[in-house]
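# Observations on the model geometry
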Amino acid sequence: MNNIAHRLILGPIIGGLSHQSVNLWARADGEGTLHAFLGQQPDLSDAQPAGTSPLQAENGFAGVVPIRNLQPETTYYYALTLSPDLPQGERFPSFTTFPPPGEPRSFNFVFGSCFRPTTEHSGQAFRAIIRRLETDDLRFLLMIGDQIYADQWKYNGIGKVATTLEDYRAVYAHVWSNPPLRDLLSRLPAFMILDDHEVDDDWHWLDSERQWADIPILDKFIRWIEGRPPQERQLPPQRVRYALQAYWEHQGMHAPPMLHPPRLNRGGLYTLETKDTGSLAYTFTFGAAAFFVMDTRTMRVRGRGAQTMLGEEQWAALEEWLLNVKDTYPIKFLVTSSALLFTMFVDVARDRWSGYPRERDRLLHFLAANGIEGVYLLAGDLHSAHAVSAELYGPNQKAIPLWEFCASPFEQNPNWLSRFTYIPILSGAVHHQRKHFCVSAINYGLVRVDFSEPHAPRVRFEIHYLDERKGEWKMRAVG
Ligand SMILES: [Fe+2]
């Protein structure tokens, strides 16, 4: 009977929030039932049971309670427990539902990527966000990749490169137990998408049939020098399936529904078959701002005769979405774990959009040809933050501004090179590229969307970074 749940080891997370629904997520240490309670009083004196979810071994004892029929722009207090009894307390965490789709509302959100905690003091970026929760009325957090570093055996809590499903689950349990992160996620709604390290460093498929996956030769060499066993230097498709199952359990299960989810096999794992064109991409809205969260990783192929990033089905979904939101949502955010407008002349890995110039041009030309305005790319991955602007050659000679905001890392070794090696991208679709700043330090991004003039909304990007020498948080901003 040691499989009975005694406590929640991760969560709660407020996932998939909209104007009328929410997904409350947690993971326990064994089998049980997750109970959600919802009320509008801080002490939950008016709370009602809001639903349950089974916590089972097949999902690593992670579960989500979906709650529907909420009122828009309304604050709800909640509790998530292993017991059917209403918990007692003075003040419970809360979330506020979004405005109805299309309603212009000013709002602020934060985003960032890359979290590799190393000490018991880790999580400074999350503590800094917590201090701003109320003063800046933050509405949600976007975590856009490298929410774990499954491959970094010195820091991932398991002392080896994750190769089994249990390994990947153990890495999440270790990294996401970070107290400031757990505290923040219980109080600020979150949207997540993976980057490479949820599986392995800079990994990709070698063939369109997805029979072979690989990591860079440098990683294999380093692991060989450090005496890592052969299974940690290879990436068989079954390991990718395990990593994506752990992704589903921790990041996908509470997200908004995927546009075209990948198929599952009888064991509940993604099949990753050749003919399966599904991806982890999804969309959501906050009032008159629309978000498309790309999956730049699971369909990525780099091998002989093949070089693709999003896959045709995701491309079709993205292009259809862009045309749908073009005139109905004045502000559009394209979430891409990899940077698109920022290239480095020493980028040997070619792991960003610069390594996929045909697809990068496809997006830029599509935005330009269709005159799609109000587009902001949100990127991560680089371990430095930046703001870059460019102008698209729109229809009838119209110059259309395009921005890229990047925030990375929440916590990782900062990338000192990116600042000095930036070069504008080479593309016939854009001109007048400008790097406004590039910051190499622990950071998070804060985006302020101002709809006080509904016909002329403004977007301001702030990067808040830690000056480690002075122990102070500082800020750079555009817009
Ligand atoms: Fe990273």
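Now for a description of the structure that goes with this document.

On to the sheet that holds strand β6 (residues 75–81). Two strands in a sheet stick together by hydrogen bonds in their backbones, pointing the same way (parallel) or opposite ways (antiparallel). Ordered by their spatial adjacency, 4 strands build an open sheet running β4-β3-β6-β7, and the pairing between neighbours is antiparallel. With partners counted over all chains shown, the strands left at the sheet margins are β4 (48–55) and β7 (94–96), one partner each. With direction set aside, neighbouring strand axes in the sheet form an average angle of 30°. Bridge count for β6 against β7 is 3 bridges, and the pairing is antiparallel. Paired with Y76 across the strands is F95, a residue of β7.

A word on helix α7 (residues 357–369). In a regular helix each residue adds 1.5 Å, so 13 residues correspond to 18 Å; α7 covers 18 Å between its end C-alpha atoms and thus fits that length. Along α7, the residues that are buried comprise E359, R360, L363, L364, F366, L367 and A368. With its phi angle positive at about 60°, G371 sits one or two positions after the end of α7.

Every protein donor of the iron ion is listed here as C114 (SG), D146 (OD), Y149 (OH) and H383 (NE2), and their distances to the metal cover 2.1 to 2.5 Å. For the iron ion, the donor residues sit on a single chain with the sequence spacing C-x31-D-x2-Y-x233-H. Linking Y149 in the loop between β9 (138–143) and α2 (165–175) with H383 in the loop between β19 (375–379) and β20 (385–393), this pair joins segments that are 234 residues apart in sequence. For H383, a relative accessible area of 14% puts it in the buried group.

Computed from the structure, the largest pocket encloses a volume of approximately 1100 Å³. Lining the largest pocket are 33 residues, and of these Q152, H197, D201, D202 and D219 lie nearest its centre. Residue contributions to the lining of the largest pocket peak at 5 residues, all from helix α4 (residues 217–225). Space inside the second largest pocket adds up to approximately 460 Å³. In terms of lining residues, the second largest pocket is bounded by 17 residues, among which S94, F95, L133, E134 and R187 are the most central.

This brings us to a nonpolar patch on the surface. A cluster of nonpolar residues, I217, L218, F221, I222, W224 and I225, forms a patch on the protein surface that exposes about 690 Å² of accessible area. Relative to the elements of secondary structure, I225 occurs in helix α4.

A few words now on the sheet that holds β20. On the basis of which strands lie adjacent, the open sheet formed by 7 strands has the order β13-β14-β17-β19-β21-β20-β23 and mixed pairing. Edge positions in the open sheet fall to β13 (282–286) and β23 (430–439), since each of these has one partner strand only. For this sheet, the mean inter-axis angle between neighbouring strands, taken without regard to orientation, is 20°. For β13 and strand β14 (residues 289–293), the ladder comprises 5 bridges, and the chain directions are antiparallel. Bridging across to β14, Y282 finds its partner in V293. On the sheet, helix α6 (residues 312–325) packs against β13, β14 and β17 (331–336) and is oriented at approximately 175° with respect to β14. In the packing of α7 onto the sheet, contacts are made with β17, β19, β20, β21 (399–406) and β23, and the angle to β20 comes to roughly 55°.

Bringing the pairing of strand β1 (residues 8–15) into the picture now. β1 sits mainly inside the fold: 8 of its 8 residues count as buried. Counted along the chain from β1 to the antiparallel partner strand β2 (residues 22–28), the turn is 6 residues long, and its residue G16 has a positive phi close to 50°.

With that settled, consider the environment of I372. Inspection of the secondary structure puts I372 in the loop between α7 and β19. Of the residues examined, I372 reaches a relative accessible area of 0% and is grouped as buried. Spatially, the C-alpha atom of I372 lies 24 Å from that of L280, the residues being 92 residues apart in sequence. The contacts of I372, once residues within four sequence positions are left out, are L322, K326, K332, F366, L367 and I400.

Here the focus is unusual backbone geometry. Residue P12 is reached from G11 by a cis peptide bond, and omega for that bond is 5°. Despite not being glycine, N69 has its phi angle at roughly 60°, a positive value. Along the chain, N69 turns up in the loop between β5 (62–67) and β6. On the accessibility criterion, N69 (73% relative accessible area) is exposed. The phi torsion at H432 lies on the positive side, around 50°, for a residue other than glycine. Note that H432 resides in strand β23.

Rules used in this analysis
- Residues numbered from 1 in each chain as written.
- Predicted model: local features only at pLDDT ≥ 70, side-chain atom pairs only at ≥ 80, totals over all residues.
- Heavy atoms only, no water.
- Pairing = 2+ DSSP bridges.
- Helix = DSSP H or I, 4+ residues; strand = E, 2+ residues; numbered from the N terminus.
- Axes fitted to C-alpha atoms, helices over the stretch in contact; angles between N-to-C directions.
- Expected span 1.5 Å × (residues − 1).
- Buried < 20%, exposed > 50% of the residue type's maximum accessible area, 1.4 Å probe, protein only.
- Donors = N, O, S within 2.8 Å, 3.2 Å for Na, K, Ca; no water.
- 1 Å grid on protein atoms, 1.4 Å probe; cavity = no way out; pocket = protein on both sides within 12 Å on 5 of 7 lines; lining within 4 Å.
- Points joined across faces, edges and corners; volume = space filled by probe spheres on them.
- Patch = residues over 30% accessible without salt bridge, like charges linked within 9 Å, V, L, I, M, F, W, Y side chains within 5 Å.
- Areas by Shrake-Rupley, 256 points an atom, 1.4 Å probe, with all protein chains shown as cover.
- Salt bridge = Lys/Arg side-chain N within 4 Å of Asp/Glu carboxyl O.
- Contact = heavy atoms within 4.5 Å.

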